[in-house]
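Notes for the structure review
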Amino acid sequence: MSEFILKASSPAASGIVAKVTSYLFERGCYISELAQFDDQDSGRFFMRAVCQIREGNDTLATIRAGFAPIAESIQMTWQLVDRTVPMKVLIMASKFDHCLDDLLYRLHKGEIPMQITAVVANHLDLRPMVEREGIRFIYLPVTKENKRQQEQEVLRVIEETGTELVILARYMQILSDELCQVLRGRAINIHHSFLPGFKGARPYHQAHERGVKLIGATAHYVTADLDEGPIIEQAVQPVDHTYSPEALTAVGRDTETVALAKAVKLHVEHRVFLDGNKTVVFK
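The shown structure was predicted, so the numbers you read here are calculated from the model rather than taken from an experiment.

Strand order across the open sheet formed by four strands is β2-β3-β1-β4, with antiparallel pairing between neighbours. Two strands in the sheet have a free side with no partner beyond their single neighbour: β2 (29–39) and β4 (77–82). The sheet shows a mean angle of 10° between the axes of neighbouring strands, direction not considered. As judged from the 10 bridges shared by β2 and strand β3 (residues 44–53), these two strands associate in the antiparallel manner. Paired with D39 across the two strands is R44, which belongs to β3. Contacts from helix α1 (residues 16–26) reach β1 (2–11), β2 and β3 within the one sheet, and its direction differs from that of β2 by about 165°. The sheet contacts of helix α2 (residues 60–73) involve β1, β2, β3 and β4, and relative to β4 the element is tilted by about 170°.

The following block contains the structure:
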């Protein structure tokens, strides 16, 4: 039995749900999951449907072709994807291994429907971990002089492998504005979240000195504005005065892995919509 996901957004208007569901019914599809949201601020409508093809001779291709004129009539941006095909992702990392290791674990457990096309790193520290899993490791050291050249190589790998999502798993390099534009809505980053914000080196030591009471992490889409992209998922954990800088760092690693894994899972399951500078997430 074929199963697919319809992910769609359009200007808000009456009758959209009726048009979509009626078409799917006529094609012999069973809707097993349906979520929708009407953003009153932006005037946009968002919908995600999980469907099974149960009757007739229709295929994903014929359903997709038949839906196109309906979507065009209501100015709808949409995707219709085979739910059984894992999303192709490329992971970028540096020296820290906790986020990469966690994603590999969840992949093995079947928690995240993805296929890792390669791991790109600007250091060699993670090479043994990656190659032990039989995954392609690409070493691209970055300097001020070669940064643009290395980013072009990343884009070449993305195109070569058919990568659909880029995950920055503690990749300690700032992407250029040009690369951020190319990867808009398909590159996820993770970083710590503190109040007040601690920037620069050793943020957990700074947090210890200020006596923070919450450790957090934010997963978001990458934009040219550093760490200010649309937020997908956040995680927090309470701490107190007894935590040393090392203990805070350990808690930080946990929150980063949780927030990043949840964000990646939401994206690869086509549950996240960009809505201006924010997201609509159907959980």
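The next thing to look at is the environment of V81. Among the structural elements, V81 can be located in strand β4. Along the chain, V81 and A61 lie 20 residues apart, while their C-alpha atoms are 9.9 Å from each other. Beyond its immediate chain neighbours, meaning those up to four positions away, V81 contacts E3, F4, I5 and H270.

The subject of this paragraph is the environment of A49. Checked against the element boundaries, A49 lands in strand β3. Taking the C-alpha atoms as reference points, A49 and H270, 221 residues apart in sequence, are found 9.9 Å from one another. Apart from the residues lying within four places of it in its own chain, the contact partners of A49 are F4, I5, L6, E33 and L34.

What counts and how
- Residues numbered from 1 in each chain as written.
- Predicted model: local features only at pLDDT ≥ 70, side-chain atom pairs only at ≥ 80, totals over all residues.
- Heavy atoms only, no water.
- Pairing = 2+ DSSP bridges.
- Helix = DSSP H or I, 4+ residues; strand = E, 2+ residues; numbered from the N terminus.
- Axes fitted to C-alpha atoms, helices over the stretch in contact; angles between N-to-C directions.
- Contact = heavy atoms within 4.5 Å.

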